[in-house]
Amino acid sequence: MDSVEKAAFFVTLDEDKPELFVDNQVKSLDQYAKSLLHGKCYDRWFDKSFTFIVFANGKVGLNAEHSWADAPIIGHLWEYALATDTFQLGYKEDGNCKGDPAPNVPLPQRLQWDIPNECQEVIMNSLKVAQTLADDVDFYAFPFTRFGKGFIKKCRTSPDAFIQIALQLANYRDKGTFCLTYESSMTRLFREGRTETVRSCTVETCNFVTALDGKKHSNEECLNLFRIAAKNHQHISRLAMSGCGIDRHLFCLYVVSKYLGVNSPFLQEVLSEPWCLSTSQTPIQQIELFDLVNHPEYVSIGGGFGPVADDGYGVSYIIVGDHLINFHISCKVSSPLTDAHRFGENISQAMLDIITLFNLDGKKA
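Residues numbered from 1 in each chain as written. Predicted model: local features only at pLDDT ≥ 70, side-chain atom pairs only at ≥ 80, totals over all residues. Heavy atoms only, no water.

**Points about the packing of aromatic side chains**
To keep things clear, this is the line we draw: The criterion for an aromatic pair is that two Phe, Tyr or Trp rings (for Trp, the six-membered ring) have centres within 6.5 Å, with stacked assigned to planes under 30 degrees apart, edge-to-face to planes over 60 apart and tilted to the rest. Under the DSSP-based scheme used, a helix requires at least four consecutive residues in state H or I and a strand at least two consecutive residues in state E, with every element numbered from the N terminus. To sort residues, take the accessible area from a 1.4 Å probe on protein chains only and compare it with the maximum for the residue type: under 20% means buried, over 50% means exposed, and anything in between is partly exposed.
Inspection of every chain in the model, using the stated rule, returns 19 aromatic pairs. When the ring of Phe9 is compared with that of Phe50, the centres are 4.9 Å apart and the planes differ by 10°; the resulting orientation is stacked. In this pair, Phe9 is assigned in the loop between helix H1 (2–6) and strand S1 (10–14) and Phe50 in strand S2 (residues 50–55), connecting sequence segments 41 residues apart. By relative accessible area, Phe9 is classed as partly exposed at 40%. Owing to a relative accessible area of 11%, Phe50 belongs among the buried residues under this scheme. Between Phe87 and Tyr298, the aromatic rings sit 5.1 Å apart at their centres with planes inclined by 70°, giving edge-to-face as the arrangement. Of this pair, Phe87 sits in helix H3 (residues 71–89) while Tyr298 sits in the loop between strand S7 (277–281) and strand S8 (313–320), placing them 211 residues apart in sequence. Judged by its relative accessible area of 33%, Phe87 falls in the partly exposed class. A relative accessible area of 37% places Tyr298 in the partly exposed class. One aromatic cluster is present, built from ring pairs that chain together Phe144, Phe147, Phe151, Phe162, Phe208, Phe226 and Phe358.

Here is the structure:
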């Protein structure tokens with residue numbers, strides 16, 4: 001265990017061979033995402049910084065533990081490794097890496113384990129629990145290609161605000177109601193800053209959603225409500241980034257109340273509310289490592305996460321260049337209220353319905 005604990009990361013040599021089938025990309029990406037998210041449960045080391053997963057066909061991926069860093073950190077590491085491997089180091093014609101092997105690299109050693117029978121029984125019971133949880137994950141990963149950031153900017157609005165409002169419209173159509181929504185915002189303006197919450201289900205956004213779906217308002221009225229909602233979303237996002245959010249403050253008050261032994265009904269109520277829609281944008285190309293336009297084959301679909309509420313959705317989205325947005329949607333199979341593929345279809349339709357309000361020609365900017 002000492003060797004495991006001291007290791008920087010974990011490597012899994014997976015016997016599976018996930019393929020991307022052109023005639024069934026949806027199923028391919030779903031299976032690939034679920035494999036990276038939880039695997040078979042016994043072949044991912046979830047307590048390590050990250051697990052580097054190498055499949056039998058040479059495909060690779062990551063499973064990252066969240067407590068030590070946020071998604072932009074591991075995303076930047078991953079992009080740097082792939083870009084350096086492809087555009088700087090390269091490979092020989094026979095497929096081997098260029099360069100000579102280092103002569104002093106120690107050979108791997110097999111760890112010998114002495115596990116008592118009682119401990120093995122506990123491990124097997126834990127594995128059954130983990131596999132039940134993994135089987136309950138419904139995951140849908142898909143590329144949205146009808147338009148991207150470039151076209152949204154022609155509408156003179158924030159791409160993130162556009163997508164967040166589309167998520168609210170999709171969720172309203174999916175469940176017939178609004179819910180507490182979490183959007184992760186970086187606080188890296190501050191030393192050792194991590195995240196703050198943007199509560200993106202605002203009154204302004206709800207006004208737009210109900211107006212558009214109610215079909216009693218003109219396009220011009222709906223567009224005006226959208227602009228108000230988007231402007232407000234940008235405002236609260238800036239507040240969160242600059243340390244003026246409320247959720248980390250509330251959490252600190254909760255920690256202090258526990259330390260002092262003070263019972264706070266207010267904090268208990270506020271912090272017990274479920275985030276039925278948990279969302280996050282993963283930035284790519286934080287520094288330009290390669291040309292996305294000329295090398296689209298090296299664009300990663302990004303990553304996702306599981307739902308944080310039993311009847312909720314987890315949504316990760318990655319804005320790639322000007323013409324592509326990748327979505328990762330998760331929920332629980334056991335919930336009668338959620339369906340990842342249905343929600344994905346609602347998101348796609350919501351994106352199209354909102355862009356139609358701007359009455360711009362063409363599908364791509």
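**Describing the layout of surface pockets**
To keep it simple, the criterion reads: The distinction between a cavity and a pocket rests on a 1 Å grid over the protein atoms alone: a 1.4 Å probe fits inside a cavity but cannot get out, while a pocket stays open yet meets protein on both sides within 12 Å along at least five of seven lines, and a residue with an atom within 4 Å of a point counts as lining. Grid points are joined across faces, edges and corners, and a volume is the space filled by probe spheres set on the points. Classification convention: Asp, Glu, Lys, Arg as charged; Ala, Val, Leu, Ile, Met, Phe, Trp, Tyr, Cys, Pro as nonpolar; all other residues, Gly among them, as polar.
One number sums up the size of the second largest pocket: a volume of about 1,400 Å³. Listed by contribution, the elements that provide at least two residues to the lining of the second largest pocket are H1, S1 and helix H4 (117–135). Looking at side-chain class alone, the lining of the second largest pocket contains 18 nonpolar, four polar and nine charged residues.

**Describing the packing of helix H6 (residues 159–175) against helix H11 (residues 340–357)**
Which entries qualify depends on this criterion: For helices, the fitted axis covers only the stretch in contact; all axes are lines through C-alpha atoms, and the angles between them, taken along N-to-C directions, range from 0 to 180 degrees. We call two directions roughly parallel when the angle between them is under 35 degrees, roughly antiparallel when it is over 145, roughly perpendicular when it lies between 65 and 115, and oblique otherwise. Take the far helix as the reference: if the near one is turned anticlockwise from it by less than a right angle, the crossing is left-handed, and if turned clockwise, right-handed. Residue contacts are defined here by distance: any two heavy atoms, one from each residue, within 4.5 Å place the two residues in contact.
In contact at an axis separation of 8 Å, H6 and H11 are set at 125° when each is read in the N-to-C sense. Of the possible angle classes, the one that applies to H6 and H11 is oblique. As for how H6 packs across H11, the hand of that crossing is right-handed. Here Phe162, Ile163, Ile165, Ala166, Leu167, Leu169, Ala170, Asn171, Arg173 and Asp174 of H6 lie close against H11, whose contacting residues are Arg342, Phe343, Asn346, Ile347, Gln349, Ala350, Met351, Asp353, Ile354 and Ile355. Taken together, the residues of the contact of H6 with H11 sort by class into 13 nonpolar, three polar and four charged.

**A short note on the sheet that holds strand S3 (residues 60–64)**
We apply this condition: One bridge is not enough; two strands pair if DSSP finds at least two bridges between them.
Read from one edge to the other, the open sheet built from three strands follows the order S1-S2-S3, with strand pairing classed as mixed. Every interior strand has two partners, whereas the edge strands, S1 and S3, have only one. Adjacent strand axes in the sheet meet at a mean angle of 25°, parallel and antiparallel pairs treated alike. By the bridge criterion, five bridges tie S2 to S3 in an arrangement that is antiparallel.

**Observations concerning the nonpolar core**
Formally: Residue types Ala, Val, Leu, Ile, Met, Phe, Trp, Tyr and Cys, when buried and joined through side-chain atoms within 4.5 Å, form a set referred to as a nonpolar core.
Phe147, Phe162, Phe208, Phe327, Met351 and Ile354 are the most contacted members of the largest nonpolar core, which has 46 residues in total. Put simply, the parts of the chain that give this core at least two residues each are strand S4 (137–144), helix H5 (149–154), H6, helix H7 (203–214), helix H8 (219–241), S8, strand S9 (324–332) and H11. Take this core: its biggest share by element is nine residues, from H11. Beyond its immediate sequence surroundings of up to four residues, Ile354 is in contact with Phe162, Ile165, Ala166, Leu169, Phe208 and Phe226. Counting residues in hydrophobic clusters, the runner-up holds five residues, among them Leu29, Ala33, Val137 and Phe139.

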